[in-house]
Amino acid sequence: MSWRDRLLPASFRGVPFHVDDDESEGGKRVAVHEYPGRDMPSTEEFGRRARRFYVRGYTIGADYDVQLAALRLICEAPGGGLLVLPQQGAWMVHCVNIVTRTTRVDGGYGTIDFEGVEVGGAPGPTARANPAAGLTSAVTDARESVILLGDR
């Protein structure tokens, strides 16, 4: 099976379009610390960056304008959606930017520039110290100690 056989039809939230080219970016989040009098920096890794997708595509045919309008509407809808790209595969993304173009000269043909950022999970719960719980426990222990001393 060649790479051409593995290409997927492009779509966002089920609305099809054709792709001229696409690119993605990712990497790591890193803080670089540079200090006076030192030649080597210190780096601190904070995990993976969010993946971003940049797509240049087009719609063509008798209903090209309807497809462009649908893409614009679903891009502006709340929440993320499934972006399928021929070589990048399927990703859940938020549409952060969309530009559509049509011209009188190119009737039956419209272009779309799309930017998506991968959907992340909701932040998890964070552990916090509860000083009141510790104080309540200490007061209870102190009361029990006083009661035990009073029984002597």
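Throughout what follows, the structure given in this document is the object of discussion. (Residues numbered from 1 in each chain as written. Predicted model: local features only at pLDDT ≥ 70, side-chain atom pairs only at ≥ 80, totals over all residues. Heavy atoms only, no water.)

### Section: the pairing of strand β6 (residues 52-60)
For step 1, the next point in the chain: On β6, burial follows the alternation: Phe53, Val55, Gly57 and Thr59 on one face are buried, whereas Arg52, Tyr54, Arg56, Tyr58 and Ile60 on the facing-out side are not.
For step 2, the next point in the chain: Sheet topology places strand β3 (residues 18-25) next to β6; seven bridges connect them, and they run antiparallel. In the strand pairing of β6, Asp22 is matched with Val55.
For step 3, the next point in the chain: Both β6 and strand β9 (residues 109-118) contribute to a ladder of nine bridges, which runs antiparallel. If you follow Gly57 over to β9, its bridge partner there is Ile112. (Buried < 20%, exposed > 50% of the residue type's maximum accessible area, 1.4 Å probe, protein only. Helix = DSSP H or I, 4+ residues; strand = E, 2+ residues; numbered from the N terminus. Pairing = 2+ DSSP bridges.)

### Describing the nonpolar core
For step 1, the next point in the chain: One finds Phe12, Phe17, Leu71, Leu83, Ile112 and Phe114 to be the most contacted residues of the largest nonpolar core, which totals 18 residues.
For step 2, the next point in the chain: Only β6, α1 (64-76), β7 (81-85), β8 (89-102) and β9 provide two or more residues apiece to this core.
For step 3, the next point in the chain: The element that contributes the greatest number of residues to this core is α1, accounting for five residues.
For step 4, the next point in the chain: Excluding residues that lie within four positions of it along the chain, Leu83 makes contacts with Ser11, Phe12, Phe17, Phe53, Gly89, Ala90, Trp91, Val93 and Phe114. (Core = buried A, V, L, I, M, F, W, Y, C linked by side-chain atoms within 4.5 Å. Contact = heavy atoms within 4.5 Å.)

### What to know about the pairing of β9
For step 1, the next point in the chain: Counting buried positions over the ten residues of β9 gives nine, a clear majority of the element.
For step 2, the next point in the chain: Hairpin connection, β8 to β9: the antiparallel pair is bridged by six residues, and Gly108 has positive phi, about 85°.

### Examining unusual backbone geometry
For step 1, the next point in the chain: A positive phi angle, near 50°, is found at Arg13, a position not held by glycine.
For step 2, the next point in the chain: Mapping Arg13 onto the fold places it in the loop between β1 (11-12) and β2 (15-16).

### A closer look at the environment of Ile60
For step 1, the next point in the chain: With respect to the helices and strands, Ile60 occurs in strand β6.
For step 2, the next point in the chain: Apart from the residues within four sequence positions on either side, Ile60 is in contact with His18, Gln67, Gly108 and Tyr109.

### Points about α1
For step 1, the next point in the chain: Its 13 residues place the ends of α1 19 Å apart at the C-alpha level, agreeing with the 18 Å of an ideal helix rising 1.5 Å per residue.
For step 2, the next point in the chain: Taken as a whole, α1 has its buried residues at Tyr64, Gln67, Leu68, Leu71, Ile74 and Cys75. The arc enclosing the buried residues of α1, seen along the axis, measures out at 135°, which places them on a common side. With respect to the buried face of α1, the exposed residues turned more than 90 degrees away are Val66, Leu73 and Glu76.
For step 3, the next point in the chain: Where α1 is buried, its residues touch β1, β2, β6, β8 and β9. (Expected span 1.5 Å × (residues − 1). Arc of directions from axis to C-beta.)

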